[in-house]
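Here is what each chain is made of, one letter per residue.
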Amino acid sequence: MALEKKTAITKIEIVGEFKHVQVRETTWVEDDGVKIGGETHHRHVVSPLDDTTNEEAEVQAVCAAVHTPEVKAAYQAHLDAQQAEMGGGA
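> How would you summarise the pairing of strand β2 (residues 20-31) if you had to cite specific residues and measurements?
When strand β1 (residues 3-15) meets β2, the two strands line up antiparallel, connected through twelve bridges. Paired with Val15 across the strands is His20, a residue of β2. The pairing of β2 with strand β3 (residues 34-46) spans ten bridges and is antiparallel. By the bridge assignment for β3, Val29 is matched with Ile36.

> Lay out the pattern of salt bridges in plain terms, naming residues and giving numbers.
It is possible for side chains of opposite charge to pair when their charged atoms get near one another. Tallied over the entire structure, the rule returns three salt bridges. A salt bridge links Lys35 to Glu39, with the nearest nitrogen and oxygen atoms 2.7 Å apart. For Glu39, a relative accessible area of 40% corresponds to the partly exposed category.

> Give a detailed account of the nonpolar core, specifying residues and quantitative values.
Val21, Val23, Val46, Val59, Cys63 and Val66 form the largest nonpolar core, which has six residues in total. Sorting the residues of this core by element identifies β2 and α1 (57-66) as the ones contributing at least two each. Per element, the largest residue contribution to this core is three residues, and it comes from α1. Apart from the residues within four sequence positions on either side, Val23 is in contact with Ile9, Lys11, His42, Arg43, His44 and Val59.

> Describe the sheet that holds β1, with residues and values.
In sheet architecture, strand pairing relies on hydrogen bonds along the backbone and comes in two forms, parallel and antiparallel. Reading across the sheet, the three strands line up as β1-β2-β3 and stay open at both edges, with antiparallel pairing between neighbours. Edge positions in the open sheet fall to β1 and β3, since each of these has one partner strand only. Sheet twist, expressed as the average angle between the axes of neighbouring strands with direction ignored, equals 20°. Its contacts with the sheet place α1 against β1, β2 and β3, and it is angled at close to 5° to β1.

> Account for unusual backbone geometry, naming residues and giving values.
The backbone phi angle of Lys19 is positive, close to 60°, even though this residue is not glycine. Along the chain, Lys19 turns up in the loop between β1 and β2. For Lys19, a relative accessible area of 33% puts it in the partly exposed group. The phi dihedral of Asp32 falls on the positive side, at around 50°, and the residue is not glycine. A relative accessible area of 55% means that Asp32 is categorised as exposed.

About the criteria used
Here, residues in each chain are numbered from 1, in the same order as that chain's written sequence. Reporting in this predicted model follows two pLDDT cut-offs: at least 70 for local features of residues, and 80 or more for side-chain atom pairs to be given and counted; totals over whole chains, interfaces and linings ignore these cut-offs and use all residues. Each side-chain value is derived from all of the structure's non-hydrogen atoms; neither hydrogens nor water enter the calculation. Think of it this way: DSSP has to see at least two bridges between two strands before they count as a pair. Secondary structure elements are taken from DSSP: a helix is a run of H or I of four residues or more, a strand is a run of E of two residues or more, and numbering for both begins at the N terminus. We define a salt bridge as a side-chain nitrogen of Lys or Arg found within 4 Å of a carboxyl oxygen belonging to Asp or Glu. Only protein chains enter the area calculation, which uses a 1.4 Å probe; residues under 20% of their type maximum are buried, those over 50% are exposed, and those in between are partly exposed. What is meant by a nonpolar core is a set of buried Ala, Val, Leu, Ile, Met, Phe, Trp, Tyr and Cys residues, joined one to another through side-chain atoms within 4.5 Å. It only takes one pair of heavy atoms within 4.5 Å for two residues to be counted as in contact. Axes here mean lines fitted to C-alpha atoms, for a helix over just the part in contact, with angles spanning 0 to 180 degrees between N-to-C directions.

Quick look at the structure:
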């Protein structure tokens, strides 16, 4: 019996005005190549200003395609406007 825990990216979604990238990773266990039990899912979001160097190549490619300089600038302006509304400064 060879139990093996496997994880794979099973969904990548581009969401919202600022093209946030939602990544769903699925984890399951296989016994001699046959899936046993259920799956668990973990999601994380990559925003336009996030560092993607630790992301999987597939996620990096999606981020590179949708997180254009224009999207990054608009997102930064949005964050700056939110900060100003809250009366905060850096």
